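# Chain and residue survey
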Amino acid sequence: MSRVGLRLGAAGVLLVVLAGCTSNSAAQQPGVVQQSATPVIPSTVGGTVPVPPATMSTAKPTDAAVPPEVPEQATAPPPANAGPLTAHNLPTPDKLGPGWKTYTDPGGAEAGFIGNNTWTRRRDPHQASYEALPSGCAGKPVTGTLPIPAYALTGSYRTADNQPATALLLRFKDSGQATSYYAGYQARMKACGSGGDLSVKQLWTTTTATAAVRSYAAAESYVDLSVVHGSTVALLATTSANPDQQSDWAHTVVPALELVIDES
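Heads up: these notes are all about the structure in this document. On a predicted model such as this, the values are computed, not experimentally measured, just so you know.

Let's shift gears to the environment of P61. If you trace the backbone, P61 turns up in the loop between β2 (49–51) and α1 (93–96). Along the sequence, P61 and P147 sit 86 residues apart, while their C-alpha atoms lie 9.5 Å from each other. Excluding anything up to four places from it in sequence, P61 contacts H126 and I148.

Written as structure tokens, this is what we have:
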């Protein structure tokens, strides 16, 4: 999401991902605890202090700024599609730049997923939308709830100089939710600042697209391009030795993303 996906995959890119600066987010909303049919005897510490058994909330999560109670599980290769989202909702490599190509990520223990022998894979929507947010920032934390998308899909690329790049698509229930998540994402990116584990520098911004540079302390730097179109948010991140010089490239990619990301 890895640090980016929108943390970046096994190769170390975000998607997008797209891997990164979640400022301390709002406290998780309390859920409904499922009642047991029989009494539960609490465990003890040192034989004297009762410790209530851990319980999982049965309420459906509603805030992408709060981490999931149960992390995304890697028990089988994920599907190549995520509901209506397929490879057709991602730009073909030639639309992203000369020499770009798709990449079949093998996954593995470090990557946190099992490869599915193709270049796209379904993500858990809550996990993906949470991991995409910047974390480790020195700037003042941004709080507030964010909608959780209905579907999430990641696509892996390699640039002309064989650098990893990842795209993360987040498809929401409607355009209002997509715009809300995009605004919250941008607020956190702008507030991230510099000097922390993650530093963020804005390159340019419009009402529906923003380019920035994510720089991790003593690690890689990424060009981070985010676009909202219809009910879909796209986060494209690519490793770059000269991310500050990729402003013009990011402008050229926006139309390619807008053309396909929100198609049914």
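A separate point is the nonpolar core. Nonpolar side chains tend to gather and get buried jointly when the protein is soluble and globular. By size, the foremost hydrophobic cluster in this structure holds 26 residues, and its most contacted members are Y157 and L225. Of all the elements in the fold, those that place two or more residues in this core are β7 (151–158), β8 (164–171), β10 (209–216), β11 (221–229), β12 (232–239) and α4 (247–260). With residues up to four places along the chain from it excluded, the contact list for L225 reads W204, T210, A211, A234, L235, L236, A250, V253, V254 and L257. L146, C192, V228 and V233 belong to the second-largest nonpolar core, a separate cluster that totals 25 residues.

With that out of the way, let us pick up the pattern of salt bridges. The full count for this structure, using the stated rule, is 5 salt bridges. Put simply, K201 and D244 hold a salt bridge, and the shortest N to O gap is 3.7 Å. Residue K201 is found in strand β9 (residues 198–205), and its partner D244 is found in the loop between β12 and α4; the two are separated by 43 residues along the sequence. D244 sits in the partly exposed class, given a relative accessible area of 45%. Across the pair D224 and R214 runs a salt bridge whose closest N-O atoms are separated by 2.9 Å. Remark: R214 occurs in strand β10 and D224 occurs in strand β11; sequence separation between them is 10 residues. The same class applies to D224 as to R214, namely buried. Because the salt bridges share partners, they merge into one network encompassing E72, R123 and E131.

Using the criterion set out here, one finds 6 aromatic pairs in the structure. Judged by centre distance (5.8 Å) and plane angle (20°), the rings of W100 and W249 are stacked. Of the two residues, W100 sits in the loop between α1 and β3 (101–102) while W249 sits in helix α4, which places them 149 residues apart along the sequence. Of the two residues examined, W100 and W249, each falls in the buried class.

Let us look at the side chain of D105. Take D105: it is sitting in the loop between β3 and β4 (107–108). Here D105 sits buried without a salt bridge, and the closest side chain of opposite charge, R121, lies 5.7 Å off (N-O distance). Reaching out from D105, the side chain makes a polar contact with the backbone nitrogen of G107 at a distance of 3.0 Å.

Right, let's get into unusual backbone geometry. Look at N117: it is not a glycine, yet its phi comes out positive at around 65°. Of note, the phi angle at N162 is positive, near 65°, even though the residue is not glycine. Along the chain, N162 falls in the loop between β7 and β8. Given a relative accessible area of 48%, N162 falls into the partly exposed group.

By secondary structure assignment, the location of P134 is in the loop between α2 (125–131) and β7. Residue P134 is classed as buried on the basis of its relative accessible area, which comes to 0%. Between the C-alpha atom of P134 and that of Y185, which follows or precedes it by 51 residues, the distance is 8.1 Å.

Counted under the stated rule, the structure contains 1 disulfide. Across a sulfur-sulfur distance of 2.0 Å, C137 and C192 are joined as a disulfide pair. Handedness here is read from the sign of the S-S torsion; for C137 and C192, about -90°, the answer is left-handed. With C137 in the loop between α2 and β7 and C192 in helix α3 (residues 175–192), this pair connects stretches of sequence that are 55 residues apart. Of the residues examined, C137 reaches a relative accessible area of 21% and is grouped as partly exposed.

Taking 1.5 Å of rise per residue, the 18 residues of α3 would be expected to cover 26 Å, and the 26 Å separating its terminal C-alpha atoms lies within 8% of that figure. Taken as a whole, α3 has its buried residues at A178, Y181, Y182, G184, Y185, Q186, R188, M189 and C192. A side-chain oxygen of the first residue of α3 lies 3.1 Å from the backbone nitrogen of G176; this N-cap is D174. G193 sits one or two residues past α3 and shows a positive phi near 75°.

Procedures and definitions
- Residues numbered from 1 in each chain as written.
- Predicted model: local features only at pLDDT ≥ 70, side-chain atom pairs only at ≥ 80, totals over all residues.
- Heavy atoms only, no water.
- Helix = DSSP H or I, 4+ residues; strand = E, 2+ residues; numbered from the N terminus.
- Contact = heavy atoms within 4.5 Å.
- Core = buried A, V, L, I, M, F, W, Y, C linked by side-chain atoms within 4.5 Å.
- Buried < 20%, exposed > 50% of the residue type's maximum accessible area, 1.4 Å probe, protein only.
- Salt bridge = Lys/Arg side-chain N within 4 Å of Asp/Glu carboxyl O.
- Phe/Tyr/Trp six-rings, centres within 6.5 Å; stacked < 30°, edge-to-face > 60°.
- Lys, Arg positive; Asp, Glu negative; His and termini not counted.
- Polar contact = N/O pair within 3.5 Å; in protein donor to acceptor, adjacent residues only side chain to side chain.
- Disulfide = S-S within 2.5 Å.
- Expected span 1.5 Å × (residues − 1).

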